[in-house]
Amino acid sequence: MTPGGTGADAASAASPGRHSTSDAVSGAHPAVSMRGITKRFAGGVVANDGVDLDVAPGEVHALLGENGAGKSTLSNVLTGLYRQDEGTVSLFGQPVSFTSPKDAIAAGVAMVHQHFRLVTKFTVAENFLLGSGGNFDAKHAAERITALGKEYGLEVDPNANVWELSVGEQQRVEILKALDRRAKVLILDEPTAVLTPQESDALFATMRRMVEDGRSVIFISHKLQEVMKVSDRVTTLRDGKTVGTVVTKETTSAELARLMVGRSVVFNEDDIEDRPEADPDRLVLDVKNLSADGVRPQSSPKNVDLQVHAGEIVAICGVSGNGQRELAASIYGIRKRTSGTVAVDGVQSMAKGPRESTKLGLAFIPEDRLKTGLSASLPIHANLALKGYRFPPMSSGPFLKHKVMRANAEDLVKRYGIKTPSIDTPTRVLSGGNVQKVLLAREIGSKPHVLIASTPTRGLDVGAIETVRSLLMDAARGGTGVLLITEDLDEAMALAHRLVVMFEGRIVGEFLRGDFDIEKIGLLMGGHTDKDGAA
Amino acid sequence: MIRLEPRLTRPKWLSVAVPVGSIIVAAILGALLITLSGNDAGATYGRIGDRAFGSVTAWSDTILAATPLLLTGLAAAAAFKMGLFNIGGQGQFVMGAVAASGAGLLLGDLGGFVAIPAMILAGMLAGAVWAAIPGFFKTRFGTNEVITTLMFNYIAANIASFLIFGSESFWRLLTGSGKVFPQGKPIAEDAVWPAFGGGGFNMPLGFILGCVAAVALWALYRYTRFGFEIGVVSDSPEAARYAGINVPRTGLAIMTLSGALAGLGGASDVGDIRHLLDPKGLGQTGYGYTGIVVAALARWNPIAVIPVSILLGALANAGRSLQGATFPAGLVGTLQGLLLFCAVSGEFLTRYRIRRGARRPAKATAEVIGA
């Protein structure tokens, strides 16, 4: 099937409202019915807020949402790993209350996690026997694996050691385990993230075969194409809430993209007064043809060209793991570039690493603020000197100038309103917002030409988010070019002059302020390019 | 219910209270053992105290016994502070002794002003090399330094043995009693290190050098860019990399420094104490290992290493001179072991606090400032 050629029209026409269960494949009790699921975590994070989910027997039901939308929390409730604070779960009409994943398995709910739960030094058959209730008949297990594998197109050698298998094969073992335990509901958490396109297609075929047997498959994903390809219905989550459930055949990628990313498609741009002005004549960051090795091939930046002007905020959007993190690290110089050049305010970087970047005026707020950006147990004054300690005036020759370092710290604490008992306090005892202020104070306080900020507001409370955003705007007003990496589209659209979309390590789209099209952006983030016709 | 909870901050008083508490607990456990072995604990401790600190000569002997421990203690403190488990202080100490005795034998005729600095440098250099080799493999290839430094101890011990027992080397005495019993050749009178003091009290040169090294190490941590980098690397290697600090190079530098300090200890063993290469004696005393106890009790603080080494030196000194039928054999070693055990347990208490009562998970967040 091709994801609707008239995407834009369909999206504006179709209502995002909920389709009732009666639309579903079967008229009987739904296989899974979750009603009003609310799950709160310490620190006031509400991961699920009154979520409803109905999965019919014999359907592939996609659970779509961005990172942090609450998909994993919901499936962890369903598999008994978490207990909901509110709401009910029923299986085939029977209310259930799981206290552990064991209960869920006994009731026929199995999950294949993103990170496999296999003993790599054991053979496939041995892994099969683990947790199967003490029946250690390896030969029998091998026969079952072969038989099940044939039936579902999941061939794997039962006598191979798990560490010898490819990731795709390891996933097959996990699925076979679930099938062997007679799972009636199988949850696949982002199963294609680790697969090649061919492996993904094979997996989709297996999924279809499973639902033909009357099983239900919950397919967690943020890739629109795949959801369109394999699912019968789609439930979309955003910010921990259900946005709606739609029948796949009756929807389009464009509508799904809108459901996934845009609460308010019309963004209130008037929120920001006195927007910083970009200086088109002064290029402060010029990245040309940059490539680097990522953790996975999908997250390797590939031939990236990127320009940031003085006073300009450029946002890089994308689902996490598409190379944004690696791009930031390789511009800053803690990750090796395999090709390409970086120039800061007209000066070429020699790729010598962070110290050179600091000298060039390239500041960096890494996403892992307390582990990478700061040395957690060291006092605040030391962390505020972490970049400057090597250069005058904080040191002369090999010796530190404690007076200068402390005065600098006192000044930054005051200027950036960092709430701390003293500058000798270990940084890790501060609240998240204040930790981020320490980092921002150091990086912005050095008046850099370029500031790369990687998910600078993630995990912060509303007040702290506001502070961080206004600090970024202030920096831009002062002439700093800001490269903002974020998974929060609202944030990108609120702050950026220009928005760049990254998918699988490539820049796949660019939008100027006033021209932000959330549907197009969402499609591009989900891997749709214009030629797919959806946008 | 009793449970452990990580401390958000470590109060200053703990860094004094915990080592003092560790010593007291170790003394109590030791007393129990002495009583169980049928001896009078009070009297035994009294005799130890008297022999260690009871007179000017006792003090002098204690300081002499503390000298090698001061240097191996500093060596261990420098490495362990950065999370590098240099168990190889013993081997670096032995190699320091080999090189220093070689230098002393070679240059002894040129007088003390040449021979003694040469011995100091040779000892430090040999120790540094002996630590830098495993340090290189650790920082370059990620080999486990606990294993490699430990293996290097055996290699060093065998080299020293070979020089005296296995060959007719330059180090071996081949005249007089040396013809009958293999032994090291004594260094010339001029190459023997001077001691300072008077009235029966002698402060060996090695101890003075050790104190200077302790202060220098402290100042290095406190006042230099390199010291700042050590602080960052010890706390968070990832933040260090982010800040542009060369983490492997810093680690290698610290290993080398640690080895140089242990090697200086070996040089002092030749210059201050034995005046020859004595592989058996070096092996039996195990200064390198005791240095780890010293460093642990001092909580890796170089200044604190000074008093702690005196304390353990006192134990060693008393143990040596009290050896006999009425003094339990192995008591000193047992006390050292108890001290290490208590110091390590005490270290745990500086990181966690013991709480009674039901679990309240909100506690940790409530303490966060400005939340």
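Residues numbered from 1 in each chain as written. Chains lettered and ligands numbered in written order. Predicted model: local features only at pLDDT ≥ 70, side-chain atom pairs only at ≥ 80, totals over all residues.

S.K.: Looking at this structure, I do not really get the overall build of chain A. What am I missing?
M.R.: A count of helices and strands for chain A gives 18 helices and 22 strands. Every one of the 535 residues in chain A was classed for burial, and the buried ones make up 51%. Considering only contacts within chain A whose residues lie at least 6 apart along the sequence, 69% involve residues at least 24 apart. (Helix = DSSP H or I, 4+ residues; strand = E, 2+ residues; numbered from the N terminus. Buried ≥ 20, exposed ≤ 12 C-beta atoms within 10 Å, placed from the backbone. Contact = placed C-beta atoms within 7 Å.)

S.K.: Help me understand the overall build of chain B, please; the structure alone is not making it clear to me.
M.R.: For chain B, the count of helices and strands is 15 helices and four strands. A compact globule built from 371 residues would reach a C-alpha radius of gyration of about 21 Å, and chain B, at 22 Å, matches this within 12%. Each of the 371 residues in chain B was classed as buried or not, and the buried ones make up 49%. Restricting to contacts in chain B with at least 6 residues of sequence separation, those with at least 24 account for 78%. (Rg over C-alpha atoms; globule rule 2.2 N^0.38 Å.)

S.K.: What is the right way to look at the pairing of strand β3 (residues 60-64) of chain A in this model?
M.R.: As a general feature of sheets, a regular strand has side chains that alternate between the two faces. Residue and element names in this part refer to chain A. In terms of burial, β3 is largely enclosed, as five of its five residues are buried. Of the two faces of β3, the one carrying Val60, Ala62 and Leu64 and the one carrying His61 and Leu63 are both buried. Relative to strand β8 (residues 216-221), β3 is paired through five bridges, and the arrangement is parallel. Across the sheet, His61 pairs through a bridge with Ile218, a residue of β8. Bridge count for β3 against strand β9 (residues 233-238) is four bridges, and the pairing is parallel. Bridging across to β9, His61 finds its partner in Arg233. (Pairing = 2+ DSSP bridges.)

S.K.: Would you take a moment to explain the domain arrangement of chain A for this structure?
M.R.: A common way to state how big an interface is: give the accessible area lost once the parts meet. Residue and element names in this part refer to chain A. Taken as a whole, chain A is organised into domain 1 (19-261) and domain 2 (269-369 + 449-532). If you average the C-alpha positions of domain 1 and of domain 2, the two centres end up 34 Å apart. Contact with domain 1, which involves twelve residues of that partner, is made by eleven residues of domain 2. Put simply, the parts of the chain that give the side of domain 1 that touches domain 2 at least two residues each are α8 (224-230) and α9 (253-261). Broken down by class, the residue content of the side of domain 1 that touches domain 2 amounts to five nonpolar, four polar and three charged. (Domains from an automatic or database assignment. Nonpolar A, V, L, I, M, F, W, Y, C, P; charged D, E, K, R; others polar.)

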